[in-house]
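Working through the structure, step by step
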Amino acid sequence: MSTTQAAPLMTNAEIDLLCVNTIRTLSIDAVQQAKSGHPGTPMGLAPLVYTIWNRTMRFDPQDPIWPNRDRFVLSNGHASMLLWSVLHLTKTQAVNAEYERLGQPSVTLEDIRRFRQLGSKAAGHPEYHWVSGVETTTGPLGQGVATSVGMAIAQKWLAAHYNMPGFEIFDYNIYAVCGDGCMMEGIASEAASLAAHLGLDNLCWVYDNNHITIEGNTRIAFTEDVATRFLGYGWNVLRVGDANDTDRIERALETFRKTRGRPTFIILDSHIGYGSPHRQDTADAHGEPLGEEEVRLTKRNYGWPEDAKFLVPDGVYDHFAAGVGARGANARLEWTKLFDSYKATYPELAAQIEQMQRRELPAGWDRNLPVFPADSKGMAGREASGKVLNVLAQNIPWFLGGSADLGPSNKTLLTFEGAGDFQAISPGGKNLHYGVREHAMGAIVNGLSLSKLRGFGATFFIFSDYVRPAIRLSALMELPSIFVFTHDAMGDGEDGPTHQPVEHLASLRAIPGLVTLRPADANEVVESYRYIMRLHHKPAILVLSRQPLPTLNRNKFASASGVVHGAYVLADAPGGNPEVILIASGSEVSLAVDAHEKLLAEGIRSRVVSMPSWDIFDLQTQEYRDSVLPPKVKARVAVEQASTFGWERYVGTSGRVIGMKTFGASAPLKELQRKFGFEPDGVVAAAKEQLGRE
């Protein structure tokens, strides 16, 4: 049984408490039935989430992707039952990947009954691509609040570009709930510092100050003054001393909405496992079910039927419908009317907004992309990238990004007239300055992408380690986030092994759903961007050289458009019947070409395959892959200034890989190439060895 009669003529306070306890008990029952999960935080934070959703947020459950909705981020994602409960009780509707409303709830009561089970929409942690109403995937602590900073930047940028006198098209707020774990993770500190610098007054973090983590009371590891820390950043800091006081919570949220020039941080003193006679304020309430007897005792404390499970009393659905449902529907209706007038007055801007929401590209988005002439001296991958970025940012109004304090080195600065810097006083700028905050940068890029902007972040490839958690989440969320990494191999020679990525290509290639591209010359850089910009549901990383690479003569060699296939035959033996295949990516492609020409001069029929992306190549038909790498040609040599891990899939068990099996060293590039065997003669020798012609 899922419903019962509520008491007649309930006061406002009584119906509020009934709704709060419904969230609590749904959470308790779901965790207990799953025999897995985190009941304590939902028990403590149910009044907060109820207040944000039913009293404060502008969110229409009937249209959960309405562009001007307020955003809610549950950064402490282990408390996912808070979100599943409120999405169910508000009857938030499902939307598919094509942005079509499906006419069914995003989270059913059956999903909640099957919490953490295969196929249930109520997963262990919130998943963006899986459930409407989830604004971002959370679980790795700190990622949610950092992503919310990207969302807040996006709103400011959208308002600066699209709001016109009398037309406040974008004026939404972002609410993020976080806990002690988020406060301890370094990414949150990075993000909070930048949010204050940028004056993001549309951003509110609510800190669940319950003093409990998995190992016990926070005093064993976390005794800093968090309020003073955030005051130091420049946030507006508020405190609510009782998490059960919904009126005080509402007043604090109202103060946030009135605050200008800085983000708001609300410290909410709560009790984990609230209402549990033996688990309240203990670590036991954090990450395991209460147990059947404790569930009954807790429900008794709430005045709840002790044996009822998954109970939604009469009046609860109606109360949410009268609260967030009515408020959200009215706000959306008013916005829709406003946008209709806006379309009539500013049709071009309105068309951009509509394209952006569908992740489409404007007509002519790739016009004027450079075509680089053949040049033996060539151009660094980062230089070519900078030229492409400056074209794309002019052709695509909602394309923006920047670097983690390495813009001049990454060549990611947008220098065209009017590009500008995104700052508190100039929120329409296209250059984002993340500072030396790579971890936060990755999450912020995801926040931009979740807001339908095309955002990019950049740093040295070696520091992709700091960005990796956000990259992984972008793949999990199926976001078209863009990450630009330069100084890809030995080109940063004298800086030594701390700045020479070895294992990074293999590591990132291992992430499902991520497209990794390492182009061979300037024209492959252009084609890589052409491929990346068409992605709707996949993130991409571009791995670029610091040093100049020869720009290949495309009249002599195959067109760089072959990048779209992930790998292509760049140069071939006469008649297209190779004895040996040389496969390479990035800076080693020109090395393979030099070796190829030496082999041809000796009468050895070789083929050069440029392979900028394993991920893309593996998506091609078997027929195409066999045309590039004929199965009958067993003699194969792969060349890459990176770990050899994984190359056996293309060279076979008998093939040869010239790569890195150690870390690098500090020396000029040419000396490093000689030491580690990245020279044409070494490739020639390996090819001959494959053919038994040593």
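See above for the structure.
Residues numbered from 1 in each chain as written. Predicted model: local features only at pLDDT ≥ 70, side-chain atom pairs only at ≥ 80, totals over all residues. Heavy atoms only, no water.

1. Comments concerning the packing of aromatic side chains
Scanning the model with the defined rule gives 28 aromatic pairs in all. Among the aromatic side chains, those forming a connected cluster through ring pairs are Trp-66, Phe-167, Trp-335, Phe-339, Tyr-342 and Tyr-346. Sitting over the ring of Tyr-172, Arg-71 keeps its end group 4.0 Å from the ring centre. It is Lys-91 that lies over the ring of Tyr-317; its NZ or CZ is 4.9 Å from the centre. (Phe/Tyr/Trp six-rings, centres within 6.5 Å; stacked < 30°, edge-to-face > 60°. Lys NZ or Arg CZ within 6 Å of the ring centre and 35° of its normal.)

2. Remarks on the sheet that holds strand 21 (residues 636-643)
Reading across from one edge, 18-20-19-21-22 is the order of the five strands in this open sheet, with mixed pairing throughout. Only two strands of the sheet have a single neighbouring strand rather than two, namely strand 18 (568-571) and strand 22 (656-660). Neighbour to neighbour, the strand axes of the sheet diverge by 25 degrees on average, direction disregarded. Relative to strand 20 (residues 606-610), strand 19 (residues 580-584) runs parallel, the two being bridged by five bridges. Considered in strand 20, the bridge of Ala-584 is made with Ser-610. (Pairing = 2+ DSSP bridges. Helix = DSSP H or I, 4+ residues; strand = E, 2+ residues; numbered from the N terminus. Axes fitted to C-alpha atoms, helices over the stretch in contact; angles between N-to-C directions.)

3. Concerning helix 2 (residues 40-56)
Since the α-helix advances by 3.6 residues per turn, residues separated by three or four positions end up pointing in the same direction. Taking 1.5 Å of rise per residue, 17 residues should cover 24 Å, and helix 2 covers 24 Å from first to last C-alpha, within 8% of that figure. Roughly 55 degrees is the biggest bend found in helix 2, and it falls at Ala-46, with proline Pro-47 one to four residues downstream. By the criterion of burial, helix 2 is predominantly enclosed, with 17 of the 17 residues buried. (Expected span 1.5 Å × (residues − 1). Bend = angle between axes of the 7 residues up to and from the residue. Buried < 20%, exposed > 50% of the residue type's maximum accessible area, 1.4 Å probe, protein only.)

4. Let's talk about the environment of His-536
Looking at the element boundaries, His-536 is found in the loop between helix 18 (522-533) and strand 16 (540-543). For His-536, a relative accessible area of 34% translates into the label partly exposed. Here the alpha-carbon distance between His-536 and Ser-481, two residues 55 residues apart in the chain, equals 9.3 Å. When residues no more than four places from it in sequence are discounted, the contact partners of His-536 are Arg-358, Arg-359, Glu-478 and Pro-480. A polar contact is formed between the side chain of His-536 and the backbone oxygen of Arg-359, at a distance of 3.2 Å. (Contact = heavy atoms within 4.5 Å. Polar contact = N/O pair within 3.5 Å; in protein donor to acceptor, adjacent residues only side chain to side chain.)

5. Here we look at empty space enclosed by the protein
Evaluated as defined, the whole model comprises one cavity of 30 Å³ or more. Taken as a whole, the largest cavity spans an internal volume of roughly 40 Å³. Split into classes, the residues belonging to the lining of the largest cavity amount to six nonpolar, two polar and one charged. (1 Å grid on protein atoms, 1.4 Å probe; cavity = no way out; pocket = protein on both sides within 12 Å on 5 of 7 lines; lining within 4 Å. Points joined across faces, edges and corners; volume = space filled by probe spheres on them. Nonpolar A, V, L, I, M, F, W, Y, C, P; charged D, E, K, R; others polar.)

6. Brief notes about the packing of helix 2 against helix 3 (residues 80-89)
One can describe the packing of helix 2 onto helix 3 by two numbers: an axis separation of 9 Å at closest approach and a directional angle of 40 degrees. Considering the angle they form, helix 2 stands oblique to helix 3. Relative to helix 3, helix 2 is oriented so that their crossing is right-handed. Contact with helix 2, carried on its side by Thr-41, Pro-42, Leu-45, Ala-46, Val-49 and Trp-53, involves Met-81, Leu-82, Leu-83, Val-86 and Leu-87 of helix 3 and no other residues of that element. Looking at side-chain class alone, the contact of helix 2 with helix 3 contains 10 nonpolar, one polar and no charged residues. (Parallel < 35°, antiparallel > 145°, perpendicular 65-115°, else oblique. Left-handed = near helix turned anticlockwise from the far one by under 90°.)

7. Some words on the side chain of Asp-63
Along the chain, Asp-63 turns up in the loop between helix 2 and strand 1 (71-74). Sequence-distant contacts of Asp-63, that is, excluding residues within four places in its chain, are made with Arg-101 and Arg-332.

8. A word on the pattern of salt bridges
Throughout the structure, instances matching the rule amount to 37 salt bridges. Note that Arg-530 and Glu-527 form a salt bridge whose closest N and O atoms lie 3.1 Å from each other. Residue Arg-530 and its partner Glu-527 are both found in helix 18; the two are separated by three residues, about one turn of the helix. Glu-527 shares its class with Arg-530; the two are buried. Overlapping salt bridges bring together Asp-16, Arg-55, Asp-247 and Glu-250 as one network. (Salt bridge = Lys/Arg side-chain N within 4 Å of Asp/Glu carboxyl O.)

9. Points about the packing of helix 1 (residues 12-34) against helix 2
For the pair helix 1 and helix 2, the least separation of the axes is 9 Å and the interaxial angle reads 130 degrees. When the axes of helix 1 and helix 2 are compared, the pair comes out oblique. Crossing handedness for the pair helix 1 and helix 2: right-handed. Contacts between helix 1 and helix 2 involve Asp-16, Cys-19, Val-20, Ile-23, Arg-24, Ser-27 and Ile-28 from the first element and Pro-42, Met-43, Ala-46, Pro-47, Tyr-50 and Arg-55 from the second. Along the lines of polarity and charge, the residues of the contact of helix 1 with helix 2 split into nine nonpolar, one polar and three charged.

10. Some points on the pairing of strand 16
Neither face of strand 16 is exposed, since Ala-540 and Leu-542 on one face and Ile-541 and Val-543 on the opposite face are all buried. Where strand 15 (residues 515-517) and strand 16 come together, three bridges link them in parallel fashion. Of the residues in strand 16, the one forming a bridge with Val-515 is Ala-540.

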